[in-house]
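Here is how the chains run, residue by residue.
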Amino acid sequence: MIKNIWNNIFSYKEKEEYNFILPNSSNNINEKEFQKEDTHIVSTNLKDNLDYLKIKYNMLINSDIKLREFELNIQNKKIPVFLFYIDGMVEDDAINNFIMKPLLLKNSIKMTEPKKNQIIDDGKQKYTKFNLENFLYSSLIPQNSVKKENEFKEIVKMINAGFCILFVESLTNALCIETKGFKGRSIDQPITEAVVKGSHEGFVENIRTNTSMLRKIINNENLIIEETTVGNISKTKVAICYMKNITNDDLVAEAKYRINNLDIDYLLSSEQLSQFIKDSMTTAFPQVISSERPDKSCNYLLLGRIIVLVNGSPFSIILPAVLLDFLTSPEDSNLNYHYANFLKGLRAIALVCALLIPGLYIAITMYHYELIPSELLFAIISAREAIPFPIIFEIIIMEGSFELIQEASIRVPSSFSTTVGIIGALILGEAAVSANIVSPILIIIVAFSGICAFAIPDNSLRFSIKMFRFMYIILGYLSGFLGIALGFFLHFSILASQSSFGVPYFSPYIPYNNLSSNEGIYINPVWKREKRNSFLNTKKPKIESSISMKWRKNEK
Amino acid sequence: MKSNYKLEKIEAISLILIVMINKLILNIPYFLVNLTETGSIVNIFYIGIIDFILLLAIIKLLSKFDNADILDVSEFLAGKKLKNVIGILSILLFFLVGFVTLVDFSNVLHTIYFSDFKIMYIVLFFIVGITIANLIGFKSISRTISFVVPFALISVILILISSFPHLGIKNVTPILGKNYYTTFGLGLSNTFAMYIMVYYYYLKPLLKNPSDFKKISITSYIISWFLLLATVISMLAIFSTNSSNEPINSLFLLVRQIELGKFIQRVDSLFILLWIFAILSYLSLIIFFINKIFKKLVNLSNEKIISFSTSSILFGLTLIPMNIAKIHFIEDTIYKYVIISFIFGIGLFILILANIKKSRSKN
């Protein structure tokens, strides 16, 4: 016993570690094998069809694949059939009430109906032949959308899309019955584009709900919603929406060309798609607008742009886009043009300030201090006197911390986000100044540039502005206005060469077009927004007649 | 990717204006005033008319050659040999202009704002900028120019308006200058001030619609001339000719007169950001023209690929030790006469001969 205790304490035992190593890709599927098309067709032997589907869907291990086998009693014959669907993607009530019930309960009533019996004349005598497929299709399944299909390639697509498939012994076609019933989020307020005046409906994840929301706003048959699938595995539905009588045909063709020529395995969101179809791959600035508002999307649609919806994503893609679009808030069109212009101007100033203010501060305090009054300069110098770090370190620490707080408050649950904000404000504000890590004026600069960034309505543009801000800080530190001017020159040159679906990024100003009444940074009064953007070359340039308020004319 | 970008009307006008604005930022008005003194205003009208006549001649002479620049015309006149000679001369001219601009402005920046920096460091900043801009392409250069020109124009106009309270009529008299010979004889050399004329020789093939060439040329010429006149009047009226011998850039001297209350103590610092941007655009344009001419001479598929080499040569030239006095000597003598001989001599001569040849070949 003592020996055991001794051994337990002092003897060396090798630790048994659980050590899983992912093996090399020995079981890779051949790419060609993967891309091979399914050429199987529906067999008249029901068992063959069943076996094929069982293997195809790995029914032994797949838990949500449902199979319901039963028999139809038609003309005193028992005909074996089975239903095949994916649980969770179909509506159970629809299957029970509109497929199972009619097939199991009502078929005996219908079986004697003479219309369903086809008269066959073989030359010697006339006799009636019962057409089971037509009988099922026309009389037994009271569903609005039923398709006959004999290729498994198409059948599998439909099963994956939420159809319920009815296979019947001796028939060469399967009946694909639409019973889609995904559970999804109901229509809610848009989170990223909230407005005071305006619609409070936002897109949801279901593409059909989203297209119906567009239809609800634009009651016109010229609204075309073309559907395609993207992703070799995910087969994600993508809807390309445009106004047939307004949008430029070449623009539509280009959008369809880009979307239809994506060789990818899967597509999960509209943001992902926008990165696949954008013109320039190198720039960090957004090239298409992303919106979760149906009213904003419809506004652009009616102006001649294209809306792309992706199933599973509550954001639409609006294309093409120019820089000015990213400064436009969805509220602008609902506000009196005086306020709208004031706010838009403010946003433009905020954009420049968010980008340049920290860089300019560093440049002025290091190189161009003659710009500011002596009193202010002395105040800055005395505030920085006790700080042991160089100004670049100070500003990068503060800007970095600001971004960190922001990132953290997004990631933490909403109940903690206030706490994160308070901690951030206290520690990084009060404490950092008291500890002589940063100067008070720098807190003002960082806070001001942060607030300016929040005034930018588009998220993607805001991210890129925040990112480039660091570049200007470094350039300002290295060589003052010289560095900032160089950075701005290169930044501008890169953006100037950029275009979105053939539309230059700085349109309508660079290259300068004759500004129509509804473009440019100035928002005209609603009665003066007579034309669509000239850079879109729409089929119908005019939005409203030169005298839109006819009642005023009639009054005279 | 080939750079087949063609200029719209506004872009083409901006391209010419950026040249003039840069000349104003640098020392052209100073050289004019230095030579003709109080007679400068009359002299500007005088050289304006001469240059305008020349411009009309260039438009007329080029009209017979569809979409052609001076290189195409010289090839038509005497084959590839002449084209190569004119091309090389043009490249040398643009290098000289680029070198003078870069060194002059870097010296100004060094003297006024960045005395801690070595001039080479400042030059390097410009070289990096213009190389990258040329690698991005002509489309972005021309669009950047059309962005900066309105701001630069506004800044020039603001400076001129702000200098009105300081104007002294006494400074501009006698209006005809020292004597007729200085104002109209020696003053003839001031035609180089409209250096923009060089670009008209190369502009036509760059236009989206070459038929707009006449409109673009005349409009840009008139605006440029007006800017030059206004700057010269302001300079002359504010500083007496005796005190204007400080070889610092002209607009800078004017800006220093502006007072914006107590808050902004040195207004010139505000403008320097814009001027650096303008100089970068202008230098990028010069490098583009050098590349474009070189491409035409040796049949390159894409001019972008030589951007590194061209910028390196320009950088190499700036390594030649020069002080600001030497630069101004070059500007006042070599630069001036090289430009005059190119605009009035070689260019015009080739165009006239080519037109004679064309009309003979038709007959």
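Since the structure is predicted, the reported quantities are computational estimates derived from the model, not experimental observations.

Some words on the packing of helix H13 (residues 391-411) of chain A against helix H15 (residues 440-454) of chain A
All names here are of chain A.
Part 1 of the reasoning: The interhelical angle for the contact between H13 and H15, taken along N-to-C directions, is 40°, at an axis separation of 10 Å. Regarding the angle of H13 to H15, the classification is oblique. In terms of crossing hand, the pair formed by H13 and H15 is right-handed. Every residue of H15 that contacts H13 at Glu-394, Ile-395, Met-398, Glu-399, Phe-402 and Gln-406 is listed here: Leu-442, Ile-443, Val-446, Ser-449, Gly-450 and Phe-454.
Part 2 of the reasoning: For the contact of H13 with H15, the residue count by class is seven nonpolar, three polar and two charged.

Let's talk about the side chain of Glu-303 of chain B
Part 1 of the reasoning: Inspection of the secondary structure assignment puts Glu-303 of chain B in the loop between helix H11 (268-298) and helix H12 (307-318).
Part 2 of the reasoning: Within polar-contact distance, the side chain of Glu-303 of chain B engages the side chain of Lys-295 of chain B at 3.4 Å.

Quick word on the sheet that holds strand S6 (residues 163-168) of chain A
Residues and elements named next belong to chain A.
Part 1 of the reasoning: In spatial order, the strands read S1-S2-S6-S7-S5; together these five strands make up an open sheet with antiparallel pairing. Of all the strands in the sheet, the pair left with one neighbour each is strand S1 (65-74) and strand S5 (146-149). Ignoring which end each strand starts from, the neighbouring axes of this sheet average 25° apart.
Part 2 of the reasoning: Summarising the sheet, S1 and strand S2 (residues 77-86) pair through ten bridges and their orientation is antiparallel.

Points about the pattern of salt bridges
Part 1 of the reasoning: A full pass over the atoms with the stated rule returns 25 salt bridges over all chains.
Part 2 of the reasoning: Asp-332 of chain A is paired through a salt bridge with Arg-347 of chain A; the nearest N and O atoms lie 2.9 Å apart. Residue Asp-332 of chain A is found in the loop between strand S12 (316-319) and helix H11 (337-366), and its partner Arg-347 of chain A is found in helix H11; the two are separated by 15 residues along the sequence.
Part 3 of the reasoning: Using a relative accessible area of 8% as the deciding quantity, one classes Arg-347 of chain A as buried.
Part 4 of the reasoning: As a salt-bridge pair, Lys-295 of chain B and Glu-303 of chain B come within 3.4 Å of each other at their nearest N and O atoms. Considered together, Lys-295 of chain B and Glu-303 of chain B belong to a single accessibility category, that of buried residues.
Part 5 of the reasoning: In this structure, a network of salt bridges that share partners links the residues Glu-399, Glu-403, Lys-466 and Arg-469 of chain A.

Focus: the pairing of strand S11 (residues 306-310) of chain A
All names here are of chain A.
Part 1 of the reasoning: The element S11 is largely enclosed, with a buried count of five among its five residues.
Part 2 of the reasoning: Judged by which residues are buried, S11 turns out to be covered on both faces: Ile-306, Val-308 and Val-310 on one side and Ile-307 and Leu-309 on the other are all buried.
Part 3 of the reasoning: Here strand S9 (residues 236-243) pairs with S11 via four bridges, running antiparallel. Looking at S11, one finds that Ala-239 is bridged to Leu-309.
Part 4 of the reasoning: Looking at chain direction, S11 and S12 are connected through four bridges and run antiparallel. Residue pairing for S12: Ile-307 is matched across the bridge by Ile-318.
Part 5 of the reasoning: If you look at the hairpin formed by S11 and S12, you'll find five residues sitting between the two strands, and Gly-312 has a positive phi there, around 95°.

Quick word on a negative patch on the surface
Part 1 of the reasoning: There is a patch of like negative charges on the surface, built from Asp-64, Asp-87, Glu-91, Asp-92 and Asp-93 of chain A.
Part 2 of the reasoning: Residue position: Glu-91 of chain A is located in the loop between S2 and helix H4 (92-110).

Section: H15 of chain A
Part 1 of the reasoning: Taking 1.5 Å as the rise per residue, H15 of chain A with 15 residues should run 21 Å; its terminal C-alpha atoms sit 21 Å apart, in good agreement.
Part 2 of the reasoning: On its buried face, H15 of chain A sits against H11, H13 and helix H16 (459-496) of chain A.

Quick look at the packing of aromatic side chains
Part 1 of the reasoning: Inspection of every chain in the model, using the stated rule, returns 42 aromatic pairs over all chains.
Part 2 of the reasoning: For the ring pair Phe-285 of chain A and Phe-468 of chain A, a centre distance of 5.8 Å and an interplane angle of 35° mean the geometry is tilted. Here Phe-285 of chain A, found in the loop between helix H9 (270-277) and strand S10 (289-291), pairs with Phe-468 of chain A, found in helix H16; they are 183 residues apart in sequence, far enough to count as distant.
Part 3 of the reasoning: By relative accessible area, which is 6% here, Phe-285 of chain A ends up buried.
Part 4 of the reasoning: Among the residues examined, Phe-468 of chain A registers a relative accessible area of 18% and is labelled buried.
Part 5 of the reasoning: Arranged with centres 5.7 Å apart and planes meeting at 55°, the rings of Phe-488 of chain A and Phe-277 of chain B form a pair that is tilted.

Conventions used here
- Residues numbered from 1 in each chain as written.
- Chains lettered and ligands numbered in written order.
- Predicted model: local features only at pLDDT ≥ 70, side-chain atom pairs only at ≥ 80, totals over all residues.
- Heavy atoms only, no water.
- Axes fitted to C-alpha atoms, helices over the stretch in contact; angles between N-to-C directions.
- Helix = DSSP H or I, 4+ residues; strand = E, 2+ residues; numbered from the N terminus.
- Parallel < 35°, antiparallel > 145°, perpendicular 65-115°, else oblique.
- Left-handed = near helix turned anticlockwise from the far one by under 90°.
- Contact = heavy atoms within 4.5 Å.
- Nonpolar A, V, L, I, M, F, W, Y, C, P; charged D, E, K, R; others polar.
- Polar contact = N/O pair within 3.5 Å; in protein donor to acceptor, adjacent residues only side chain to side chain.
- Pairing = 2+ DSSP bridges.
- Salt bridge = Lys/Arg side-chain N within 4 Å of Asp/Glu carboxyl O.
- Buried < 20%, exposed > 50% of the residue type's maximum accessible area, 1.4 Å probe, protein only.
- Patch = residues over 30% accessible without salt bridge, like charges linked within 9 Å, V, L, I, M, F, W, Y side chains within 5 Å.
- Areas by Shrake-Rupley, 256 points an atom, 1.4 Å probe, with all protein chains shown as cover.
- Lys, Arg positive; Asp, Glu negative; His and termini not counted.
- Charge placed at Lys NZ, Arg CZ, Asp CG, Glu CD.
- Expected span 1.5 Å × (residues − 1).
- Phe/Tyr/Trp six-rings, centres within 6.5 Å; stacked < 30°, edge-to-face > 60°.

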